[in-house]
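Examination of the molecular architecture
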Amino acid sequence: MSEATNATIRGAAKYGEEADNPNEDIWIFGYGSLVWKADFPFEEKRTGYIKGFLRRFYQNSIDHRGTEERPGRVVTLIHSADPESKVWGMGYRIGAKDKLQVLQHLDHREKNGYERHCVSFYPYPWSTEQLNDPQSILLYVATQDNPSFAGQSDTLEQIAEQILASVGQSGRNPEYVYRLAEAMRQLYPGERDDHLFELEKLLQMRDPLAAVQRKPEPACEGDGNRSELSKEG
């Protein structure tokens, strides 16, 4: 067994018995691009939210949505002063047979300053076909001392200007914002995410390509149980 595999197992055990037990499934929470497109195998997905966090564009992206010379911006989570504050996203149940592969993949994908944490996931809306009780779930949060953490002092206007000028291996940085905002409106109509929606408005006013038609993404179409692999950041 490789050292990378051993490291993944140690990390998984730190954040929940399910990750350490080879016979148990685990859940992964997506709050950025994973909301609309997962790049790993999963058994089912479930809409819902976590509590006590805020979604913010406080992380630089030097690969997926930018470069080292011109970083883009992607979301991370910061703790909220309000323990009832909600971040809406997508929960994915990973089968026991796939979880080691998926955790290795996500650890590599989120290597630019993100760490794994375990929180409670609240499925919503109620469903007769899927779980409804709160569920332990793993997520990735960018640490504030990582080299790509952009800080919390920039205004939305400054963040928008940085995003407009950035493009990476997964495409234009503004597209990341548009996709996320569209997914939030489609999956959670009426729910507010002022930081995201205000940033979207600023970009749309300044981006000459904002009106270009975007193709629908699988996670917003009810795409069965398995996603196609992608490099989406």
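Remember, it's a predicted structure, so these values are computed and weren't measured experimentally.

1. Side note on the pattern of salt bridges
Side-chain pairing between opposite charges can occur once the charged atoms of the two side chains come close. Under the criterion given, the structure shown has 13 salt bridges. In this structure, Glu84 engages Lys51 in a salt bridge whose closest nitrogen and oxygen atoms are separated by 3.1 Å. With Glu84 in the loop between β4 (72-79) and β5 (86-94) and Lys51 in strand β2 (residues 44-51), this pair connects stretches of sequence that are 33 residues apart. For Glu84, a relative accessible area of 47% puts it in the partly exposed group. Measuring nitrogen to oxygen at the nearest pair gives 2.6 Å for the salt bridge that ties Arg206 to Glu161.

2. Some thoughts on helix α4 (residues 156-164)
Among the residues making up α4, those that are buried are Ile159, Ala160 and Ile163. All buried residues of α4 lie within an arc of 100° about the axis, which places them on one face of the element. On its buried face, α4 is in contact with β3 (53-61), β4, α5 (173-187) and α6 (194-206).

3. Examining the environment of Arg116
Summarising the element assignment, Arg116 is placed in strand β6 (residues 114-123). Considered as a pair, Arg116 and Ala142 are 26 residues apart in the sequence and their alpha carbons are 8.9 Å apart. A polar side-chain atom of Arg116 sits 3.4 Å from a polar atom in the side chain of Tyr140.

4. Describing the confidence of the model for the chain
Of all residues in the chain, 80% attain a pLDDT of 70 or more, and the chain-wide mean is 83. Below pLDDT 50 for its whole length, residues 1-15 participates in 22 contacts with residues either more than four positions away or in separate chains. Low pLDDT, under 50, characterises residues 217-233; the predicted model gives this stretch 53 contacts beyond four residues in sequence or across chains.

5. Things to note about the nonpolar core
Among the nonpolar cores identified, the biggest contains 55 residues, and Phe40, Ile50 and Phe57 are the most heavily contacted of them. Here the element with the most residues in this core is α5; it accounts for 7 residues.

6. Comments concerning α6
For α6, which comprises 13 residues, the first-to-last C-alpha distance of 18 Å matches the rise-based estimate of 18 Å (1.5 Å per residue) to within 8%. All of the buried residues in α6 are His195, Leu196, Phe197, Leu199, Glu200, Leu202 and Leu203.

7. Topic: the packing of aromatic side chains
Going through the model one piece at a time under the given rule, you end up with 12 aromatic pairs. The structure contains a cluster of three or more aromatic residues connected by ring pairs, namely Tyr49, Trp88, Tyr122, Tyr124 and Tyr188. Between the NZ or CZ atom of Lys51 and the centre of the ring of Tyr122, over which it lies, the distance is 4.6 Å. Sitting above the plane of the Tyr49 ring, Lys86 keeps its charged end 4.5 Å from the centroid.

8. Considerations on the layout of surface pockets
Computed from the structure, the largest pocket encloses a volume of approximately 250 Å³. Lining the largest pocket are 15 residues, and of these Lys86, Trp88, Arg192, Asp193 and Asp194 lie nearest its centre. When residues of the lining of the largest pocket are traced back to their parent elements, those giving at least two are β3, β5 and α6.

9. Here's the deal with the packing of α4 against α6
Their axes nearest at 9 Å, the elements α4 and α6 cross at an angle of 55°. In this view, α4 runs oblique relative to α6, as classed from their interaxial angle. Along this stretch, α4 crosses α6, giving a crossing that reads as right-handed. The segment α4 lies against α6, with Leu156, Glu157, Ile159, Ala160, Glu161, Ile163 and Leu164 engaging His195, Glu198, Leu199, Leu202, Leu203 and Arg206. Taken together, the residues of the contact of α4 with α6 sort by class into 8 nonpolar, 1 polar and 4 charged.

10. Focus on unusual backbone geometry
Most peptide bonds adopt trans geometry, and most residues besides glycine take a negative phi value. In this structure, Pro125 follows Tyr124 across a cis peptide bond, with omega equal to 0°. Tracing the backbone through its elements, the reader meets Pro125 in the loop between β6 and β7 (135-142).

11. Considerations on the pairing of β6
Bridge count between β2 and β6: 2 bridges; the pairing is antiparallel. Looking at the pairing, Tyr49 lines up with Tyr122 of β6. Pairing of β6 with β7 involves 8 bridges; the strand directions are antiparallel. Counterpart to Glu115 in the pairing with β7 is Val141.

12. Overview of the packing of α5 against α6
Where α5 contacts α6, the two axes come as close as 10 Å, and the packing angle between them is 130°. By the angle between their axes, α5 is oblique relative to α6. For the crossing formed where α5 meets α6, the hand is left-handed. Mapping the contact onto sequence places Pro174, Val177, Tyr178, Leu180, Ala181, Met184 and Arg185 in α5 and Leu196, Phe197, Leu199, Glu200, Leu203 and Gln204 in α6. Tallied by class, the residues present in the contact of α5 with α6 amount to 10 nonpolar, 1 polar and 2 charged.

How each quantity is defined
Here the residue numbers are simple positions, counted from 1 along each chain's written sequence. Owing to the predicted nature of the model, reporting of local features is limited to residues with pLDDT of at least 70; listing and counting of side-chain atom pairs is limited to 80 or more, with chain, interface and lining totals taken over all residues. Only hydrogens and water are set aside; all other atoms, that is, all heavy atoms of the structure, feed into the side-chain values. Counted as salt bridges are all cases of a side-chain nitrogen of Lys or Arg within 4 Å of a carboxyl oxygen of Asp or Glu. Where helices and strands are cited, they refer to DSSP runs of H or I of at least four residues and of E of at least two residues respectively, numbered from the N terminus. Buried residues are those whose accessible area, probed at 1.4 Å on protein chains only, stays under 20% of the maximum for their type, while exposed residues exceed 50% and partly exposed ones sit between those limits. In this description, one arc is meant: the one made by directions from the helix axis to the C-beta atoms. For this analysis, residues touch if any pair of their heavy atoms sits within 4.5 Å. Here a polar contact means two N or O atoms within 3.5 Å. Within protein one must be a hydrogen donor candidate and the other an acceptor candidate, and residues neighboring in sequence count only if both atoms are side-chain atoms. pLDDT is defined as a per-residue confidence score from the predictor, taking values between 0 and 100. Among the buried residues, those of types Ala, Val, Leu, Ile, Met, Phe, Trp, Tyr and Cys that are joined through side-chain atoms within 4.5 Å form a nonpolar core. Any helix carries an expected span of 1.5 Å times its number of residues minus one. Note on aromatic pairs: the rings of Phe, Tyr and Trp (six-membered ring only in Trp) are paired at centre separations within 6.5 Å, and the planes decide the class, stacked below 30 degrees, edge-to-face beyond 60, tilted for the rest. Only when the NZ of Lys or the CZ of Arg is both within 6 Å of the ring centre and within 35 degrees of the ring normal is a charge said to sit over the ring. The pocket and cavity definitions rest on a 1 Å grid over protein atoms only: a 1.4 Å probe that fits but cannot leave marks a cavity, an open set with protein on both sides within 12 Å along at least five of seven lines marks a pocket, and residues lining either have an atom within 4 Å of a point. Grid points are joined across faces, edges and corners, and a volume is the space filled by probe spheres set on the points. Lines fitted to the C-alpha atoms define the axes, with helices restricted to the stretch that makes contact. Angles between their N-to-C directions range from 0 to 180 degrees. Throughout, the term roughly parallel applies to angles under 35 degrees, roughly antiparallel to angles over 145, roughly perpendicular to angles from 65 to 115, and oblique to all others. A crossing counts as left-handed when the near helix is turned anticlockwise from the far one by less than a right angle, and as right-handed when that turn is clockwise. Just so you know the grouping, Ala, Val, Leu, Ile, Met, Phe, Trp, Tyr, Cys and Pro go in nonpolar, Asp, Glu, Lys and Arg go in charged, and all remaining residues, Gly too, go in polar. Strand pairing follows a simple DSSP-based rule, namely that at least 2 bridges must link the two strands.

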